[in-house]
Amino acid sequence: MPTLTFALNHMTAPTLALDAFFALAVSLGMTAVEIRNDLDGNAILDGTTPAEVEALTERHGVAIISINALQRFNEWTPARAAEARELIDYASACGARALVLVPKNDGTGRADGERQANLREALTALKPLLDAAGIIGLVEPLGFEICSLRSKREAVEAIKAVGGERTFRLVHDTFHHHLAGEPDFFADLTGLVHISGVEDPAVSVSDMRDGHRVLVGSDDRLGNVSQIKALLATGYAGPLSFEPFSPAVHDVADPKAAVAESVAFLRESL
């Protein structure tokens, strides 16, 4: 079994300022972090410059494995192109290695033929922008029934269709993999794994939402352990990044202890 490498997404502790968030990661023995552009009052939305972010990474000795995320990336418009350039420039300037690409998730663009064409159009437009900056595009299918890109296989087919195997990788999100019900794993094209669990026994799979996503423990219903084992067995050797969205996690008094407990559970289980 390969060595487990854990990472921390800022969504794990979204109220912490970036400095404190990086310190939390280091206190847990992690040197890989994901920063976000959707946290009010925090970097990046608060105007923190890329130079300031890079200085913090150097102070703490962490590496930014991704900025999360360019939303609605598969709805390619002039506004989306401008947003993509801005985020790619920010990623390059702060030393981030990748940009997460999140598809439309509002029930539109789901028709067969339409969604594949939209995806190829966006990947084709993004490829030269990412290549010029040396940034990887991390395509993250979402398992929600209303999403315009649920299938990792469909994402892989589009990446290959545009010759993007060197530019793009998949995000395997254990929550979304479970919701999508897609059996296949694509370890060779997976660049990042997001991990979170759902423990609420009352919620059906079709009703699971981000707010149900907690740290992974023994009551997990998503099969995180079996998913991670399958990915590792087929060659994935990258980070496992904690990305819980539940207020129950965000409100804990001691996030270090909570994450450490989940790390210990996963190490023992794997």
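All figures in this text were calculated on a predicted structure; none of them were measured in a lab.

**Considering the packing of aromatic side chains**
The geometry of an aromatic ring pair is captured by two quantities: the separation of the ring centres and the angle between the planes.
Stage number 1. Across all of its chains, the model carries three aromatic pairs by this definition.
Stage number 2. Taken together, a centroid distance of 5.6 Å and an interplanar angle of 25° make the contact between Phe6 and Phe242 stacked. In this pair, Phe6 sits in strand β1 (residues 6-9) while Phe242 sits in strand β8 (residues 240-242), placing the two residues 236 residues apart along the sequence.
Stage number 3. Take Phe6: its relative accessible area is 5%, and that puts it in the buried class.
Stage number 4. Geometrically, the ring pair formed by Phe21 and Phe22 is tilted, given 5.9 Å between the ring centres and 45° between the ring planes. You'll find Phe21 and Phe22 in the same group, each marked buried.

**Quick notes on helix α9 (residues 255-269)**
Think of an α-helix as 3.6 residues a turn; residues three or four steps apart then line up on the same face.
Stage number 1. Here α9 spans 21 Å end to end across 15 residues, near enough to the 21 Å set by a 1.5 Å rise per residue.
Stage number 2. Every buried residue belonging to α9 is among Ala258, Val259, Ser262, Val263 and Leu266, and all of these are buried. Each buried residue of α9 sits inside an arc of 135° when the element is viewed along its axis, so together they form one side. Residues of α9 that are exposed and point more than 90 degrees away from the buried face comprise Glu261 and Glu268.
Stage number 3. Packing partners of the buried residues in α9 comprise β1, β7 (190-195), α7 (224-233) and β8.

**Section: the nonpolar core**
Stage number 1. With 69 residues, the main nonpolar core has Ile67, Phe73, Leu126 and Phe242 as its most contacted residues.
Stage number 2. Considering each element in turn, this core owes the most residues, seven residues, to helix α3 (residues 78-94).
Stage number 3. Look past the residues within four positions of Leu126 in its chain and what remains in contact with it is Leu70, Phe73, Trp76, Ala84, Ile88, Leu101 and Phe168.
Stage number 4. The next biggest cluster of nonpolar side chains, apart from the first, holds 19 residues, and it includes Ile65, Val171, Phe175 and Leu179.

**Some details on the sheet that holds strand β4 (residues 98-101)**
Stage number 1. The strand order around the closed barrel formed by eight strands is β1-β2-β3-β4-β5-β6-β7-β8, and the pairing between neighbours is parallel. Shown here is a sheet whose adjacent strand axes are inclined to one another by a mean of 30°, direction ignored.
Stage number 2. Bridge analysis of strand β3 (residues 63-70) against β4 gives three bridges, and the strand direction is parallel. Pairing of Ile67 across the sheet is with Leu99, part of β4.
Stage number 3. Across the sheet, helix α5 (residues 152-161) touches β5 (136-139) and β6 (168-173), and the angle it forms with β6 is around 175°.

**Topic: the packing of α7 against α9**
Stage number 1. Axis separation between α7 and α9 bottoms out at 10 Å; the angle between their running directions is 60°. Considering the angle they form, α7 stands oblique to α9. Crossing geometry of α7 relative to α9 is assigned as right-handed. Residues Val225, Ile228 and Lys229 of α7 touch α9, and the partners they reach there are Phe265, Leu266 and Ser269.

**What about the pattern of salt bridges?**
Stage number 1. Enumeration over the complete set of coordinates arrives at 15 salt bridges.
Stage number 2. Here Asp184 makes a salt bridge to Arg153, at a shortest N to O gap of 2.9 Å. Within this pair, whereas Asp184 is found in the loop between α6 (174-180) and β7, its partner Arg153 is found in helix α5, the two being separated by 31 residues in sequence.
Stage number 3. Judged by its relative accessible area of 38%, Arg153 falls in the partly exposed class.
Stage number 4. The partner of Asp173 in a salt bridge is Arg213, and the shortest N-O contact between them spans 2.9 Å. A residue pair is termed long-range when its members are at least 10 positions apart, and Asp173 in strand β6 and Arg213 in the loop between β7 and α7 qualify at 40 residues.

Definitions and limits used
Residues numbered from 1 in each chain as written. Predicted model: local features only at pLDDT ≥ 70, side-chain atom pairs only at ≥ 80, totals over all residues. Heavy atoms only, no water. Phe/Tyr/Trp six-rings, centres within 6.5 Å; stacked < 30°, edge-to-face > 60°. Helix = DSSP H or I, 4+ residues; strand = E, 2+ residues; numbered from the N terminus. Buried < 20%, exposed > 50% of the residue type's maximum accessible area, 1.4 Å probe, protein only. Expected span 1.5 Å × (residues − 1). Arc of directions from axis to C-beta. Contact = heavy atoms within 4.5 Å. Core = buried A, V, L, I, M, F, W, Y, C linked by side-chain atoms within 4.5 Å. Pairing = 2+ DSSP bridges. Axes fitted to C-alpha atoms, helices over the stretch in contact; angles between N-to-C directions. Parallel < 35°, antiparallel > 145°, perpendicular 65-115°, else oblique. Left-handed = near helix turned anticlockwise from the far one by under 90°. Salt bridge = Lys/Arg side-chain N within 4 Å of Asp/Glu carboxyl O.

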